[in-house]
Amino acid sequence: MIRVALIDDHESVRLGLEAACLRSGAQDVVFSGSTVTEYLDWRLYSRQSPADVVVLDLTLGDGTTVTENVTRLVRDGSSVIIHSVADRAATVREALAAGAAGVISKASRIDEVVEAIGTVADGQHLDNVEWASAVEGDRAFADAQLSARERDVLRLYAAGLPLKVVADRLGVAYSTAKENITRVRYKYVEVGRPAPTKVDLARRAMEDGLLTRPTESPGAV
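The following refers to the structure shown. Because the structure is a prediction, the values reported are computed rather than measured.

### Section: the overall build of the chain
On a plain count of helices and strands, the chain comes out with 11 helices and five strands. Across the 221 residues of the chain, 48% fall into the buried class. Within the chain, contacts between residues at least 6 apart in sequence are counted, and of these 67% link residues at least 24 apart. Summed over its atoms, the accessible surface of the chain is roughly 10,500 Å², and 51% of this surface lies on carbon and sulfur atoms.

Here it is in structure tokens:
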């Protein structure tokens, strides 16, 4: 059973999503509230484990920023889906850069939202129109100025291949492939998009159009 938390300051939205999750038979809404602080306080006092997926409104009424909210939730151990009207591309990009697994429009059918929760719970990122429109054409967000070789190494490595296999496929030494990944990570840090784990690298590769969707579950470095 996928454990889901809903954070939105519109109760009607939460109630609709909760009913849809219940109907799915595979998703259990363990928390429903209007702020991230409420959710984390609930976690603390109930001693419940983090929700598998948190469906988060892009803008909450408590004055918090999307970067603050996404960062707190990801650090707490949950994957985050932004549930938004998707008309504020800059703020959506901010959420993705902070570590959100994707964004889905509030105009989407309720079954599409439920499907998105399942996708993210499986360790995948959302690959949809909202994601694409948020990053398309934004060079400040998308361009880490990777070299052609770095892009090739990142594409294969982020798709789930072990680094030794990546090196063999590209006809380079393992040490060369490892050095390329180190430089890739450094360049992403330089543009404010750190990627300390292989999952983070897969996210950056998707954001930059190098990877449509991970073909294998990325393992550890």
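### Some details on the nonpolar core
Counting 24 residues, the largest nonpolar core has L146, L154, L163, V166, Y188, L201 and L211 as the members making the most contacts within it. In terms of residue count, helix α8 (residues 148-158) provides more of this core than any other element does, five residues in total. Of all hydrophobic cores here, the second largest spans 22 residues; its members include A5, F31, Y39 and L96.

### Topic: the environment of L170
Along the chain, the position of L170 falls in helix α9 (residues 163-170). Among all residues touching L170, those that are not within four sequence positions of it are R149, D152, V153 and L156.

### Describing the pattern of salt bridges
Considering all chains together, one arrives at 11 salt bridges under this definition. The closest approach of N and O atoms between D76 and R43, which form a salt bridge, is 2.9 Å. Of this pair, D76 sits in helix α3 (residues 66-76) while R43 sits in helix α2 (residues 36-46), and the two are 33 residues apart along the sequence. Salt-bridge contacts for K164 lead to D168; the nearest nitrogen and oxygen are separated by 3.5 Å. With K164 and D168 both in helix α9, this residue pair falls four residues apart, about one helical turn. You'll find K164 and D168 in the same group, each marked exposed. Salt bridges sharing common partners tie together E150, E179, R183 and K187.

Conventions used here
Residues numbered from 1 in each chain as written. Predicted model: local features only at pLDDT ≥ 70, side-chain atom pairs only at ≥ 80, totals over all residues. Heavy atoms only, no water. Helix = DSSP H or I, 4+ residues; strand = E, 2+ residues; numbered from the N terminus. Buried < 20%, exposed > 50% of the residue type's maximum accessible area, 1.4 Å probe, protein only. Contact = heavy atoms within 4.5 Å. Areas by Shrake-Rupley, 256 points an atom, 1.4 Å probe, with all protein chains shown as cover. Core = buried A, V, L, I, M, F, W, Y, C linked by side-chain atoms within 4.5 Å. Salt bridge = Lys/Arg side-chain N within 4 Å of Asp/Glu carboxyl O.

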